[in-house]
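Overview (structure and organization)
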Amino acid sequence: TARAARQKPQLEALLPRLHTYISLSGPHLGMLYTSNMLVELGVWGLRKWKNAQCLTELSLKDAKQPTDTFLYTLSKGDMLARFTNVLLVSSAEDRYVPHHSARLQLCPEAMHDPRFGTAFVSMVHNILSPLQCSNLVHVDVSFLPLISTKLVHQLDQAIGRKAHIDFLEQQAFLQMFVQMYLSYLV
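Model, not experiment: these values are computed from the prediction.

1. Let's talk about the overall build of the protein
Broken down by element type, the protein carries 11 helices and three strands. Reading the protein from its N terminus to its C terminus gives the helix and strand order α-β-α-α-α-β-α-α-α-β-α-α-α-α. Out of the 186 residues in the protein, the part that is buried amounts to 42%. When contacts within the protein are restricted to residue pairs at least 6 apart in sequence, long-range pairs at least 24 apart make up 75% of them. If you sum the accessible surface of the protein, you get close to 11,000 Å²; carbon and sulfur atoms cover 59% of it.

So this is what it looks like as C-alpha cells:
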C-alpha cells in the first residue's frame, strides 16, 4: 500500500519525512508459491466469484505477461528507498502470506518456474537494489501455539490464519516489538 501510495501527488510533501517503513507480513511479491492449498483455493474462489481485483493482482494474473502486472510495475519503483529503515516483519507460521514474499527473498520454486520465475526474480532485484543505502532489517516472529478445544481456533492455526492476524491482535507482541525496535521509530 505504501509503495502504491507513492504515486499519489498528495503525498509528495511527506516524502522527505519518511523514516521507518514497517511491514507486518505484507505480500510484497504477491501470493505466488504458497504452501497452503486451502488459502490458494480461497484466493481462487474469491477472484472468480467476487471479482476481487487485489487478489488478482496478488496472484500476478492481472495481465497476460507477468512483467505487465501491477505488482511487477510497482516493484520497479523506488518507494522503499525513501525510508532510512525498512523493517520486514514475518512469521513462518503465517501461511496466508508466503514467507519469502513478506521477507522479499527468492524461493526455490521461482527458480524452476518457466512462467513466473524470471519475473519473480526480477521483482526481488527491483525492490532490493534501491535499498543499498537503507537499513534493511528482517524480523522473524514465532507465536506460541494456541491450545484450544474449539474447532475454529484449531482450523485458524492449521491454515496459518492465526499467525497472520496475531501481528495485530497480540498486545504482548506489539508491546515487545515497540520496545525492541524503538530506536527505529524515533
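Still to come is the rest of the account.
2. Things to note about the sheet that holds strand β2 (residues 85-90)
A sheet is described by the order of its strands in space; here three strands give the open sequence β1-β2-β3, paired in parallel fashion. Unpaired on one side and paired on the other, β1 (20-24) and β3 (135-140) mark the two borders of the sheet. When the angles between neighbouring strand axes are averaged without regard to direction, this sheet yields 15 degrees.

3. Overview of the pattern of salt bridges
Enumeration according to the criterion identifies one salt bridge in this entry. For Asp140, the salt bridge goes to Arg103, with nearest N and O atoms at 3.0 Å. Highlighted residues: Asp140 in strand β3 and Arg103 in helix α5 (residues 99-103), separated in sequence by 37 residues. Residue class for Arg103 comes out buried when judged on its relative accessible area of 11%.

4. Section: the nonpolar core
In terms of nonpolar packing, the biggest core is built from 29 residues, with Leu29, Tyr33, Leu80, Val86 and Phe120 touching the most fellow members. Among the elements of the structure, α3 (53-58), α4 (70-75), β2 and α7 (117-128) are those that each provide at least two residues to this core. With near-sequence residues (within four places) excluded, Tyr33 lies in contact with Pro98, His100, Cys107, Glu109, Ala110, Asp113, Phe116, Gly117 and Phe120. Residues Val141, Ala163, Phe173 and Tyr184 belong to the second largest nonpolar core, which totals 12 residues.

5. Re the pairing of β2
With respect to burial, β2 is a largely interior element, six of its six residues being buried. Neither face of β2 is open: one carries Asn85, Leu87 and Val89, the other Val86, Leu88 and Ser90, and all of them are buried. In this sheet, β3 lies alongside β2 in parallel orientation, the contact comprising six bridges. Across the sheet, Asn85 pairs through a bridge with Asn135, a residue of β3.

6. Describing the packing of aromatic side chains
For the structure on display, the rule yields six aromatic pairs. Pairing Phe173 with Phe177 gives two aromatic rings, centres 5.8 Å apart and planes at 35 degrees, and the pair type is tilted. Taken together, the residues span about one helical turn, with Phe173 and Phe177 both in helix α10 (residues 171-180) at a distance of four residues. Each member of the pair, Phe173 as well as Phe177, is classed as buried. An angle of 35 degrees between the planes, with centres 4.9 Å apart, marks the rings of Phe177 and Tyr181 as tilted. Chaining the aromatic ring pairs together yields one cluster made of Phe167, Phe173, Phe177, Tyr181 and Tyr184.

7. Description of unusual backbone geometry
Phi angles above zero are rare outside glycine, and Tyr33 is one such case at about 60 degrees. The residue Tyr33 is located in the loop between β1 and α2 (37-49) in this model. Owing to a relative accessible area of 17%, Tyr33 belongs among the buried residues under this scheme. Notably, Leu104 is not glycine yet its phi reads approximately 55 degrees, a positive angle. Within the secondary structure layout, Leu104 lies in the loop between α5 and α6 (108-111). On the basis of relative accessibility, which here comes to 2%, the residue Leu104 falls in the buried class.

Calculation criteria
Residues numbered from 1 in each chain as written. Predicted model: local features only at pLDDT ≥ 70, side-chain atom pairs only at ≥ 80, totals over all residues. Heavy atoms only, no water. Helix = DSSP H or I, 4+ residues; strand = E, 2+ residues; numbered from the N terminus. Buried < 20%, exposed > 50% of the residue type's maximum accessible area, 1.4 Å probe, protein only. Contact = heavy atoms within 4.5 Å. Areas by Shrake-Rupley, 256 points an atom, 1.4 Å probe, with all protein chains shown as cover. Pairing = 2+ DSSP bridges. Axes fitted to C-alpha atoms, helices over the stretch in contact; angles between N-to-C directions. Salt bridge = Lys/Arg side-chain N within 4 Å of Asp/Glu carboxyl O. Core = buried A, V, L, I, M, F, W, Y, C linked by side-chain atoms within 4.5 Å. Phe/Tyr/Trp six-rings, centres within 6.5 Å; stacked < 30°, edge-to-face > 60°.

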